[in-house]
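# Chains, contacts and geometry: an overview
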Amino acid sequence: MIARGYFNDLYQDDKELVRLATSTARIDTLILGRLQYSFRNAAPIDKDLVSCDIIVSCKVINHDGDVTGSDSFRVVGPGFSNDAALERGLELLAAQFTQRVLKPLL
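What comes next concerns the included structure. (Residues numbered from 1 in each chain as written. Predicted model: local features only at pLDDT ≥ 70, side-chain atom pairs only at ≥ 80, totals over all residues. Heavy atoms only, no water.)

### A look at the side chain of lysine 59
Mapped onto the elements of the fold, lysine 59 is located in strand 2 (residues 50–62). Among the polar contacts made by the side chain of lysine 59, one reaches the side chain of aspartate 13 at a distance of 3.4 Å. Apart from residues no more than four positions distant in its own chain, lysine 59 is found in contact with Tyr11, Asp13, Leu30, Ile31, Leu32, Gly69 and Ser70. (Helix = DSSP H or I, 4+ residues; strand = E, 2+ residues; numbered from the N terminus. Polar contact = N/O pair within 3.5 Å; in protein donor to acceptor, adjacent residues only side chain to side chain. Contact = heavy atoms within 4.5 Å.)

### Structural notes on a nonpolar patch on the surface
On the surface, Leu35, Tyr37, Phe39 and Leu90 cluster together into a nonpolar patch covering about 360 Å² of accessible area. Ranked by the residues each element gives to the nonpolar patch, the list is headed by strand 1 (residues 29–41), at three residues. Its location among the elements puts phenylalanine 39 in strand 1. (Patch = residues over 30% accessible without salt bridge, like charges linked within 9 Å, V, L, I, M, F, W, Y side chains within 5 Å. Areas by Shrake-Rupley, 256 points an atom, 1.4 Å probe, with all protein chains shown as cover. Salt bridge = Lys/Arg side-chain N within 4 Å of Asp/Glu carboxyl O.)

### Structural notes on the nonpolar core
With eleven residues, the main nonpolar core is built from Val50, Cys52, Ile54, Val56, Cys58, Val60, Phe73, Val75, Ala85, Leu93 and Val101. For this core, the secondary-structure elements that each account for two or more residues are strand 2, strand 3 (67–79) and helix 3 (82–102). Among the elements that take part in this core, strand 2 stands out by supplying six residues, more than any other. Residues within four places of isoleucine 54 in sequence aside, it is in contact with Leu35, Gln36, Tyr37, Phe73, Arg74, Val75, Leu86, Gly89, Leu90 and Leu93. Counting residues in each nonpolar core, the second largest holds eight residues, with Leu10, Tyr11, Leu32 and Ile61 among its members. (Core = buried A, V, L, I, M, F, W, Y, C linked by side-chain atoms within 4.5 Å. Buried < 20%, exposed > 50% of the residue type's maximum accessible area, 1.4 Å probe, protein only.)

### Digging into the sheet that holds strand 3
Read across the sheet, three strands follow the order 1-2-3 without closing on themselves; strand pairing throughout is antiparallel. Because the sheet does not close on itself, it has two edges, and the strands there are strand 1 and strand 3. The mean angle between the axes of side-by-side strands here comes to 15°, regardless of whether they run parallel or antiparallel. In the packing of helix 3 onto the sheet, the strands contacted are strand 1, strand 2 and strand 3, and the crossing angle to strand 3 comes to about 150°. (Pairing = 2+ DSSP bridges. Axes fitted to C-alpha atoms, helices over the stretch in contact; angles between N-to-C directions.)

Here you go:
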């Protein structure tokens, strides 16, 4: 889907493509998300501490192809390496995503 450029079309609300994706896949809800992350050094606090800033934005689409919700939020994962900061950031992201995006669908 991404390799053929369909994700951008879906995320930009290409109605025909969204309806095709939701009607042929027998789904109740389609969640599309974009994630960006970057690292920064927290030198004033501790020169060994790394922060991973993660920004996610997502859209919730129902089986009729209508956007029924959207959200965007940021988390910061601390760690003493890029890998550790990213891992902690993804843990925090998972908790926020569950509360802000998934729970309202139940």
